[in-house]
Amino acid sequence: MSERRTSDVARLLGIAPDLLRKWKARGFLSKAPGGVSGQGRGNECFWSDEAVEEARRVAETRKPTKARTR
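A quick note: this is a predicted structure, and the numbers were derived from the prediction, not measured.

Draft legend 1. A look at the packing of helix H1 (residues 6-13) against helix H2 (residues 17-25). Viewed as axis vectors pointing N to C, H1 and H2 meet at an angle of 105 degrees, and their least axial separation amounts to 8 Å. What the angle tells us is that H1 and H2 run roughly perpendicular. Contact with H1, carried on its side by Thr 6, Ser 7, Val 9, Ala 10 and Leu 13, involves Pro 17, Leu 20 and Arg 21 of H2 and no other residues of that element. Considering only residue class, the contact of H1 with H2 consists of five nonpolar, two polar and one charged.

Draft legend 2. The arrangement of the packing of H1 against helix H3 (residues 49-61) in detail. Packing of H1 against H3 leaves a shortest axis separation of 10 Å and a crossing angle of 40 degrees. Taken together, the axes of H1 and H3 are oblique relative to one another. As for how H1 packs across H3, the hand of that crossing is right-handed. Two secondary-structure elements touch here, H1 through Val 9, Leu 12 and Leu 13 and H3 through Val 52, Ala 55 and Arg 56. Of the residues in the contact of H1 with H3, the class split is five nonpolar, no polar and one charged.

Conventions adopted
- Residues numbered from 1 in each chain as written.
- Predicted model: local features only at pLDDT ≥ 70, side-chain atom pairs only at ≥ 80, totals over all residues.
- Heavy atoms only, no water.
- Axes fitted to C-alpha atoms, helices over the stretch in contact; angles between N-to-C directions.
- Helix = DSSP H or I, 4+ residues; strand = E, 2+ residues; numbered from the N terminus.
- Parallel < 35°, antiparallel > 145°, perpendicular 65-115°, else oblique.
- Contact = heavy atoms within 4.5 Å.
- Nonpolar A, V, L, I, M, F, W, Y, C, P; charged D, E, K, R; others polar.
- Left-handed = near helix turned anticlockwise from the far one by under 90°.

Function cannot be inferred from these measures alone, as they are strictly geometric.
See below:
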């Protein structure tokens, strides 16, 4: 079992790290690594193989969106 950083998982899935963090915050990824008390910006979360596979399934089912323009 290997653990990957958020940025590595996002690159693997072909999405932006911020999008992966949004999915995690919105509850789409139940197996995503939890935050650590006192953890702030610049600290990486490490994803298990099981969490990466869950993220891959979500990435395959999420509909691409267009940027909002006015």
